[in-house]
Amino acid sequence: MNAALRRIITGAMTMSLAVPLAACGSGGDTGTQEESIGLLLPENKAARYESFDRRIISSRISTLCLECKVDYRNAGSQVGVQKAQFEALVKKGVKVIILDPVDAQAAKSWVDAAAKKGVKVIAYDRLAEGDVAAYVSYDNEKIGQLQGKALLAALGSQAASADVVMLNGSPTDPNAPYFKKGAHEVLDGKVHKIVYEKDIPEWSATEAGKKLSEVIKDRGPAGFDAVYSANDGMAGGAAEALKSAGLKNVPLGGQDAELPALQRLVSGTQSFTIYKQVRPEAETAAEIAFRLLRGKSIKSFTSTTADSKSKSGIPAKLFNAQVVTRKNLEDTVIRDGAVPTDWICTKDLASACKSLGLN
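Keep in mind it's a predicted model, so treat the numbers as computed, not measured. (Residues numbered from 1 in each chain as written. Predicted model: local features only at pLDDT ≥ 70, side-chain atom pairs only at ≥ 80, totals over all residues. Heavy atoms only, no water.)

Turning next to the packing of aromatic side chains. As enumerated under the stated definition, the model contains 3 aromatic pairs in all. Taking 5.7 Å as the distance between ring centres and 45° as the angle between the ring planes, the aromatic pair formed by Y138 and F319 counts as tilted. One end of the pair, Y138, is in strand β5 (residues 134-138); the other, F319, is in strand β12 (residues 314-319), with 181 residues separating them in the sequence. What makes Y138 buried here is its relative accessible area of 2%. We classify F319 as buried; its relative accessible area is 15%. Judged by centre distance (6.3 Å) and plane angle (70°), the rings of F179 and W203 are edge-to-face. Within this pair, whereas F179 is found in helix α6 (residues 176-187), its partner W203 is found in the loop between β7 (193-199) and α7 (205-219), the two being separated by 24 residues in sequence. (Phe/Tyr/Trp six-rings, centres within 6.5 Å; stacked < 30°, edge-to-face > 60°. Helix = DSSP H or I, 4+ residues; strand = E, 2+ residues; numbered from the N terminus. Buried < 20%, exposed > 50% of the residue type's maximum accessible area, 1.4 Å probe, protein only.)

Take a look at the structure:
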């Protein structure tokens, strides 16, 4: 082959390769603002948001849409920060936003303003007020009922005479009243008395521990028999308060199946948690976001409806949850691959794990 012919063939091959590569670069790498999906998560105190929700949602959207990118922000529990993040996404031209609000009521004005501009907002995990297009979460009243039933089970035959401390969720979280309502539906009339009850701002573990320490000081070590904590983070604060006071074998429950809580189940310092599979919730939110972006129906992903204070009949998908105790760890979070055994069974828990058959 002469040099001139070789140059012609080589040039043709280069051009044929360059065209699809350029197409991939413009579609999969950068996309356009019309192909961006906003993801706004509320805080980074709970381990799940950064470790699971963000990762799973981003991964699923990238699988569904090579041209799409996820524009992610975390508000760090600050309403003003989340408002600025939300408005920045709208200004950039993002057409679909997955929003887990720091303050559901405060989000109403942003959501309504965005909806008027054609932006579709998916309320994720917490139902934001305003003109949201869809809602993906769990049946939060049922979760509260599960917590109440699990606390009764932990109390056993002493339930009817038991005095209970209730550490409820943040007053700005729209899910918190449903957890509390569900728990009360089960506990009221089944335990002797709720001797102390407090809503804990921002789900603060430190504040939860502080409040329980005050209860112990005011009522004495024998002034209560069990502690209801609306989530695992606060249960961690409660567990520290109990430990500092030298109290053992006090039934204590939480929610979210966070790693420290699972380790407390093994050690016996927490009685139960509630396992909410993040993957189906996150992947469903991603599917709905993609369909809304493309103008497709979301009926197959929203099997029910939900009502907020400002809007009724919101297309929704609400998942079920389950109680986890030290006895069914292996058949729940470990079996599902949510948390590997070796993460739970650290060196100092090796003996306890062995006694539970976890290895």
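The phi dihedral of D125 is positive, around 70°, even though this residue is not glycine. Tracing the backbone through its elements, the reader meets D125 in the loop between β4 (120-124) and β5.

When two helices pack together, their arrangement is given by the angle between the helix axes and by the axis-to-axis distance. Following both chains from N to C, one finds helix α3 (residues 79-92) and helix α4 (residues 108-116) inclined at 5°, their axes separated by 10 Å at the closest point. Our classification of the angle between α3 and α4 gives roughly parallel. Facing α3, whose interface residues are V79, Q82, K83, F86 and V90, α4 presents W110, V111 and A114. (Axes fitted to C-alpha atoms, helices over the stretch in contact; angles between N-to-C directions. Parallel < 35°, antiparallel > 145°, perpendicular 65-115°, else oblique. Contact = heavy atoms within 4.5 Å.)

Before going further, it helps to examine the state of the cysteines. Covalently bonding the sulfur atom of one cysteine to the sulfur atom of another cysteine gives a disulfide. For the structure shown, the criterion picks out 2 disulfides. Here C65 engages in a disulfide with C68; their sulfurs sit 2.0 Å apart. Every disulfide takes its handedness from the sign of the S-S torsion; for C65 and C68 that torsion is 75°, giving right-handed. Note on accessibility: C65 and C68 belong to one class, buried. Note that C345 is cross-linked by a disulfide to C353, the S-S spacing being 2.1 Å. Since a negative S-S torsion denotes a left-handed disulfide, the C345-C353 link at about -95° is left-handed. The two residues C345 and C353 agree in class, both being buried. What connects to what in the chain, once the bonded cysteines are numbered by sequence position, is 1-2, 3-4. (Disulfide = S-S within 2.5 Å.)

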